[in-house]
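What follows is each chain in one-letter form.
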Amino acid sequence: MKFRIIVITLAFICQCIQTQSQQSTANKGLKDYFKDHFNVGVAVSPRALKTDEAALIIREFNSITAENAMKMGPIHPFENVYNWAGGDSIAAFAKRNKMKMRGHTLCWHNQTPRWLFFDSSTNQQVTKEVLLQRLKEHITTVVTRYKDVIYVWDVVNEVISDKADEFFRPSLWYQICGEEFIEKAFQWAHE
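Described below are features of the structure shown in this document. (Residues numbered from 1 in each chain as written. Predicted model: local features only at pLDDT ≥ 70, side-chain atom pairs only at ≥ 80, totals over all residues. Heavy atoms only, no water.)

## Quick word on the overall build of the protein
In terms of helices and strands, the protein carries eight helices and four strands. When the elements of the protein are put in sequence order from the N terminus, they spell out α-α-β-α-β-α-α-β-α-β-α-α. Looking at the protein as a whole, 38% of its 191 residues qualify as buried. Taking as baseline every contact in the protein between residues at least 6 positions apart, the subset at least 24 positions apart corresponds to 69%. As displayed, the protein offers around 11900 Å² of accessible surface, 55% of which is attributable to carbon and sulfur atoms. (Helix = DSSP H or I, 4+ residues; strand = E, 2+ residues; numbered from the N terminus. Buried < 20%, exposed > 50% of the residue type's maximum accessible area, 1.4 Å probe, protein only. Contact = heavy atoms within 4.5 Å. Areas by Shrake-Rupley, 256 points an atom, 1.4 Å probe, with all protein chains shown as cover.)

Laid out in structure tokens, this is it:
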């Protein structure tokens, strides 16, 4: 009788271990398989974090990047006007789920509002000094707001041209400031 109880107990324990192993494998995501090697990240929108995709993101990834919500146009559409809603919701999601967050992006040739490059009263291009001051204020404000959640920033995005016959992309950043805006952006991001 004792032997039969022991066999039944061992069979039950083995079944529990197998079930538990299947459950833990089923709940594992990419981030779990590569945790000792690197972070596994995904670009997200605030909308995605309010849908069924949120569970997938939590299971598979340990790092997130704001797809568009932190680019200059969406986050700083007008001088002295910031739209924090999208960035804040992604940052809150990262904190809540103990995920790392990458900031994307502080300076880019696309999705940059017109007010940065043009004087509102004259409609003329601003000077290099004015544009650099606007860039500094933008970087300082955004980086300061998210310094407790973002571990690294994409500072200047796609500054190199896609064309074989030119090195720097001929963006308004480059046309007005030359390559100096690149160095300054990194300097202010580090500060």
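Once the structure has been displayed, the description carries forward.
## Regarding the pattern of salt bridges
Counted by the stated rule, this structure contains eight salt bridges. Across the pair D154 and R102 runs a salt bridge, and its minimum N-O distance is 2.9 Å. Of this pair, D154 sits in strand β4 (residues 150-157) while R102 sits in strand β3 (residues 100-108), and the two are 52 residues apart along the sequence. (Salt bridge = Lys/Arg side-chain N within 4 Å of Asp/Glu carboxyl O.)

## Regarding the sheet that holds strand β2 (residues 63-66)
The sheet built from four strands is open, its strands ordered β1-β2-β3-β4 with parallel pairing. Of all strands in the sheet, those with a lone pairing partner are β1 (41-44) and β4, marking the two edges. The average undirected angle you get between the axes of adjacent strands in this sheet is 25°. Where helix α6 (residues 128-145) meets the sheet, it contacts β3 and β4, and its direction lies at approximately 170° from that of β3. (Pairing = 2+ DSSP bridges. Axes fitted to C-alpha atoms, helices over the stretch in contact; angles between N-to-C directions.)

## Overview of the packing of aromatic side chains
A complete count under the given rule lists seven aromatic pairs for this structure. Look at Y82 and W84: their rings are 4.9 Å apart centre to centre, the planes differ by 5°, and that puts the pair in the stacked class. Accessibility expressed as a relative area gives 23% for Y82, which makes it partly exposed. An aromatic cluster of at least three residues, connected via ring pairs, comprises Y82, W84 and Y146. Over the ring of Y151 we find K100, and its NZ or CZ is 5.1 Å from the ring centre. It is R114 that lies over the ring of F118; its NZ or CZ is 4.0 Å from the centre. (Phe/Tyr/Trp six-rings, centres within 6.5 Å; stacked < 30°, edge-to-face > 60°. Lys NZ or Arg CZ within 6 Å of the ring centre and 35° of its normal.)

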